[in-house]
Amino acid sequence: MLNPLDRFSGGTLLFFLTFCNACSMGWFGYDQGVFSGVIIAEDFIEHFPETKRANVNGITSSCFSLGAFIGCLVAFTYGDKVGRKKTITFGQICNIIGAILQVAAFHLPMLIVGRIINGFGMGMTSSTCPVYQAECTKARMRGKLVVIGSLTNTFCYMLASWMNYALYFSSGPYQWRFPLAFQLIFPLFVIPIIVFLPESPRWLILQDRSDEALLVISRLWGKNLSIDDEEVRAEHASIIKTLEEERAAYVPVKQVLTFRDPGQNFRRLLLSMGTQLMQQFTGVNALGYYLPTILKDYIGFSGTISRLLVACNATSYLGAAFLCLILIDLVGRRRLMLWGSISAGTAYLIASICLKVSETKQKREMGIVTTSMFFFYYVCYGTSYAKVPWVYNSEVNSLGWRTRGAALATATNWMGGFIVTQFTKTGVNNLHWKFYLMFAIFVYSYFPIVYLLYPETCSRTLEDIDLIFTEYKGVIVVGPGKKELTQRSRPQYFIEKEKERVREGEKLVRDMHDAIPKTSSNHIEVEGKA
């Protein structure tokens, strides 16, 4: 089959890959934002009066996250078998089916089934896209390009918020069916491109398709680079050597789960899952799905002003996400998470105090301060826990566990989202200001966790990160002799180890070629190229 992308390499090819991943993550963000307006639309409530009950309202919103959790588990089971591209493509198809069912829904069970299928597909794509991006990108650009996907997520969340505000002035089924239908525009960009993109070179090497991986690296690493280019050969050799060491150190899953494998895969898995758990229990979905309701019913703003404030908040959130794009590789992952722990926790603390005061006096004044704290929270969250976990869990796991680790981490995110979304309305009804104080305590507790347990991954190659866990055995990352684990710049020791790894990898490649008959480079085929 003729592949129209075969003639592209370097930055152009990377643009198409990043664009495809960004659109997939953008669909994820749009779905997060759109339903907060749909569920309070008058015509929606007339069609589905059951949603007036808090528990039914909660499950209608949160079933999307439940479906996504199951999708992540499927990606965990089959992702390494079928590859990054096929996992994303299948997820997109499920998204299409789920979206159509929601748009056409004439009773609540049909709507819920559509949201579960939509969520299932979103779980597969959201767990795989950051890994696919990270595995196809050089270390110095990896953080920024993964964040671009998450940035598109935020942009589409903002788009959904403004659409909800605009449609507030309309009436009838159009008010909620149109925004649910609009999401079908995303696969029109993703599916025609992804079928022609190359597979991840690290996944190809994992499948013992080394020659194809070398050709893909040459296309991704620069414009019109030869497979004999020194940098291409070095990257190829480094990946092969790391995989060879990983396979040599293979231990059964039981030993992995009891922390007895040399690569510390279970510890790495817990770290990646931990970032996503922290993200959800900052309470972002508690505000994301219910902020219009909270502003209207508990703070006292009109429906029009509530929706306008949500849209304005989403716009400032997008600005914070752009700031994160600049900072992610400039200051590192750890510092952004530490900043987010202090600042977002403080925003919740002040908001909860104001809501407490507003119960007896100065309701309007305290409502304004509370709203400003929600705005401030989104700025703090947007520069920290909104983006860093997606980067971190795409980096921290070993090659053999990267897809499974990212899938379990994303499953943790979705299950956390399900729990938070399901119980937010009930929690606000019963706990009032204490509900936000609870999140303040959660977020403050993340500071010592990140400071003590999370190594820096900024400016490291994915193979450098393997070195962190094979040569530094303690779970505490601060202390004497551990500067390399927390500094932002790439440690000199890691640079020297990479040179050694490249030399050994090149020798391994030569030995592999000496052991098999010589074949012409013309026989090398890349997926999608006949």
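Provided above is the structure to which this section pertains.
Procedures and definitions
- Residues numbered from 1 in each chain as written.
- Predicted model: local features only at pLDDT ≥ 70, side-chain atom pairs only at ≥ 80, totals over all residues.
- Heavy atoms only, no water.
- Salt bridge = Lys/Arg side-chain N within 4 Å of Asp/Glu carboxyl O.
- Buried < 20%, exposed > 50% of the residue type's maximum accessible area, 1.4 Å probe, protein only.
- Helix = DSSP H or I, 4+ residues; strand = E, 2+ residues; numbered from the N terminus.
- Patch = residues over 30% accessible without salt bridge, like charges linked within 9 Å, V, L, I, M, F, W, Y side chains within 5 Å.
- Areas by Shrake-Rupley, 256 points an atom, 1.4 Å probe, with all protein chains shown as cover.
- Contact = heavy atoms within 4.5 Å.
- Phe/Tyr/Trp six-rings, centres within 6.5 Å; stacked < 30°, edge-to-face > 60°.

Q: Can you lay out the pattern of salt bridges for me, pointing to particular residues and giving the numbers?
A: Within the structure shown, the criterion is met by 22 salt bridges. The partner of D80 in a salt bridge is R84, and the shortest N-O contact between them spans 2.8 Å. Each member of the pair, D80 together with R84, is buried. Among the salt bridges present, the one from E135 reaches R84, with a minimum N-O distance of 2.9 Å. Here E135, found in helix α5 (residues 108-135), pairs with R84, found in helix α4 (residues 84-103); they are 51 residues apart in sequence, far enough to count as distant.

Q: Which residues make up a nonpolar patch on the surface, and what values go with them?
A: Among the surface-exposed residues, I342, L349, I353, Y444, F447, I449, Y451, L452, L453, V475 and I476 lie close enough to one another that they form a single nonpolar patch of about 830 Å² accessible area. Where the nonpolar patch is concerned, the elements lending two or more residues are α16 (333-358) and α20 (433-453). When residues of the nonpolar patch are assigned to their parent elements, the largest contribution, six residues, is made by α20. What makes L452 partly exposed here is its relative accessible area of 34%.

Q: Before we move on, can you summarise the environment of G303 with the specific residues and values?
A: Residue position: G303 is located in helix α15 (residues 303-327). Owing to a relative accessible area of 12%, G303 belongs among the buried residues under this scheme. Separated by 234 residues in sequence, G303 and F69 place their C-alpha atoms 32 Å apart. The residues contacting G303, other than those within four sequence positions of it, are Y168 and K296.

Q: Requested: an account of the packing of aromatic side chains, with residues and values cited.
A: Across all of its chains, the model carries 37 aromatic pairs by this definition. Relative to F494, the ring of Y493 lies with its centre 6.2 Å away and its plane at 50°, an arrangement referred to as tilted. Since its relative accessible area comes to 0%, F494 is described here as buried. Through a chain of ring-to-ring contacts, three or more aromatic side chains come together here, namely Y157, F281, Y317, Y348, F374, Y377, Y378, Y381, F435, Y436, F439 and F442.

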